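The lines below spell out each chain.
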Amino acid sequence: MSEQHLEQIASDLVDRATRAGATAADVVVREADEFSTTVRLGKIESLKEAASKALGLRAFLGARSATAFSSDFSPQSLSRLVERTIAMARVTSEDPASGLPDRELLGSYTGDLELYSADVGELGADARISMARRAEEAALAADPRIRNSEGALFEASQGAKAYANSLGFVGSYRLSYCAISVAPIAQNGAGGGGMQRDYWYSVARRASALEDPEAVGRKAAARTLRKLGARKVSTCRVPVIFDPETARSLVGHVFEAVRGDAIYRSASFLAGNLRQRVAGENVTILDDGLRPGGFGSRPFDDEGVPAGTTTVIEKGVLENYLLNCYTARKLNLRTTGNATRGVAGPPMVGLKNFYLAPCPYPPEEIIRSVKNGFYVTELIGFGVNIVTGDYSRGAGGMWIENGELAFPVEEVTIAGNLPEMINHITLVGSDLEFRSPIASPTLLVEGLTVAGT
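A brief look at the structure comes next. Model, not experiment: these values are computed from the prediction.

## Remarks on the packing of aromatic side chains
This model, assessed by the stated rule, comprises 10 aromatic pairs. With 5.1 Å between their ring centres and 75° between their planes, Phe 169 and Phe 300 make a pair best called edge-to-face. You can see Phe 169 sitting in the loop between β4 (146-165) and β5 (170-187) and its partner Phe 300 sitting in the loop between β9 (285-288) and β10 (309-314), a full 131 residues away along the chain. Grouped by ring-pair contacts, the aromatic residues Tyr 163, Phe 169, Tyr 173 and Phe 300 constitute a single cluster. Just above the ring of Trp 200 sits the side chain of Lys 219; from NZ or CZ to the centre is 3.9 Å. Looking at Arg 231, its charged tip hangs above the ring of Phe 407, at a distance of 3.5 Å from the centre.

And the structure:
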């Protein structure tokens, strides 16, 4: 479907709902074509192509509201959807914080955010399968110790999204995405010594922006090989360096702590800390919805509020929480345009491109600054409490001795407290790269407990 067709569907359904008695309504419509294939040891293990479409209606009766969704766009089905949604709204409880945005908040960014590229669709199935094969072949050929593989994946999607509400807003945009990844397995010695697995990937909005499959395979092989011979270390308290992949999860915990729903429920260690220092001066965290090609970029959010950039933490000071209209009303603040919504359920608080700003320290220099410590390349488990900030996760990586990566480490636990951790980020790297809506450069955190033997 064209974007204009999706907009028309959304607008027509809003009109149906208001004519049926809704005091206000909004609709989100999505359609997508998706492809994925998994290749293992050169053979295709899975192949999927799918087209999907769905829409969600939210109807208001004063301060009461309800949502419903459908993948059937026929007039009869949409009429039933409207009737069912309004009927549900009549029996829900009133919530004064619910409602559409104020009219003056509505709008859309009109520039090109580079969210769509036709070359993703122009890449045929054979070429996509070949790229997965090439990545795996490169990984297997990198070293004799690479003896097996969990497979290589190529996936792609193209789609469009439209939103309309009864205040007169209607808008749409197109999206594309593609990715390639491979996970080789390495083994020490012919007699079945220790085995290790790791992975690497490339992801982009444009097929032409993907890394060469061979480069992805070689990087995956190198990451896997460096884990051979991994061992535990004695429990100690040392500086810990998070590589960009693991630092991203640390930044993700900060996002969970600044979400408006966590704040108004007092379920965050950052609740009540607005305009206060919560991190070191070298920590600045932004949420940018206008980054070209960003995986969280968009011209407007799922309530019709234009995208922008929100400074969350600036030089260690908590400047803003991330809010949709509902949480903004709960906190008597202004929405930051962070409403995100599937076709089912009301808008939630989501992120745009949420990242920790880089500093001019190459990762090699950060490693050289540590005499004895832990370089983390893998985190395991979910032992993080956003309410208290308690942090405990399984980890693997490399041990640092005299400023150099000395040997691989596995089966240890990193323990600390998130408020203390973000206050003790002593060095921030220069190697920021956007591979998801959350990104971070390398981070050095002082004084964490690494629990091993």
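So, next bit.
## Section: the sheet that holds strand β14 (residues 353-356)
The 5 strands are arranged β11-β10-β9-β14-β19 in an open sheet whose pairing can be described as mixed. Each edge of the open sheet carries a strand with a single partner, namely β11 (317-318) and β19 (438-439). Where β14 and β19 come together, 2 bridges link them in parallel fashion. Following the sheet pairing, Phe 354 is matched in β19 by Ile 438.

## Things to note about the packing of helix α1 (residues 3-19) against helix α2 (residues 75-91)
Packing of α1 against α2 brings their axes to within 10 Å, and their N-to-C directions diverge by 50°. When the axis of α1 is compared with that of α2, the two are oblique. With respect to the hand of their crossing, α1 and α2 are arranged in right-handed fashion. Together, Leu 13, Arg 16 and Ala 17 of α1 and Pro 75, Leu 78, Ser 79, Leu 81, Val 82 and Ile 86 of α2 make up the contact between the two elements. Residue composition of the contact of α1 with α2, by class: 7 nonpolar, 1 polar and 1 charged.

## What about the environment of Ala 141?
Inspection of the secondary structure assignment puts Ala 141 in helix α4 (residues 125-141). Between the C-alpha atoms of Ala 141 and Asn 165, which are 24 residues apart in sequence, the distance is 55 Å.

## Quick look at the layout of surface pockets
Computed from the structure, the largest pocket encloses a volume of approximately 620 Å³. Every residue lining the largest pocket is counted, 32 residues in all, and those nearest its centre are Arg 30, Tyr 173, Leu 175, Arg 205 and Phe 295. Mapped onto the lining of the largest pocket, the elements with two or more residues apiece are β1 (24-40), β4, β5 and β12 (339-340). Per element, the largest residue contribution to the lining of the largest pocket is 7 residues, and it comes from β4. Here the residues of the lining of the largest pocket sort into 12 nonpolar, 10 polar and 10 charged.

Parameters at a glance
- Residues numbered from 1 in each chain as written.
- Predicted model: local features only at pLDDT ≥ 70, side-chain atom pairs only at ≥ 80, totals over all residues.
- Heavy atoms only, no water.
- Phe/Tyr/Trp six-rings, centres within 6.5 Å; stacked < 30°, edge-to-face > 60°.
- Helix = DSSP H or I, 4+ residues; strand = E, 2+ residues; numbered from the N terminus.
- Lys NZ or Arg CZ within 6 Å of the ring centre and 35° of its normal.
- Pairing = 2+ DSSP bridges.
- Axes fitted to C-alpha atoms, helices over the stretch in contact; angles between N-to-C directions.
- Parallel < 35°, antiparallel > 145°, perpendicular 65-115°, else oblique.
- Left-handed = near helix turned anticlockwise from the far one by under 90°.
- Contact = heavy atoms within 4.5 Å.
- Nonpolar A, V, L, I, M, F, W, Y, C, P; charged D, E, K, R; others polar.
- 1 Å grid on protein atoms, 1.4 Å probe; cavity = no way out; pocket = protein on both sides within 12 Å on 5 of 7 lines; lining within 4 Å.
- Points joined across faces, edges and corners; volume = space filled by probe spheres on them.

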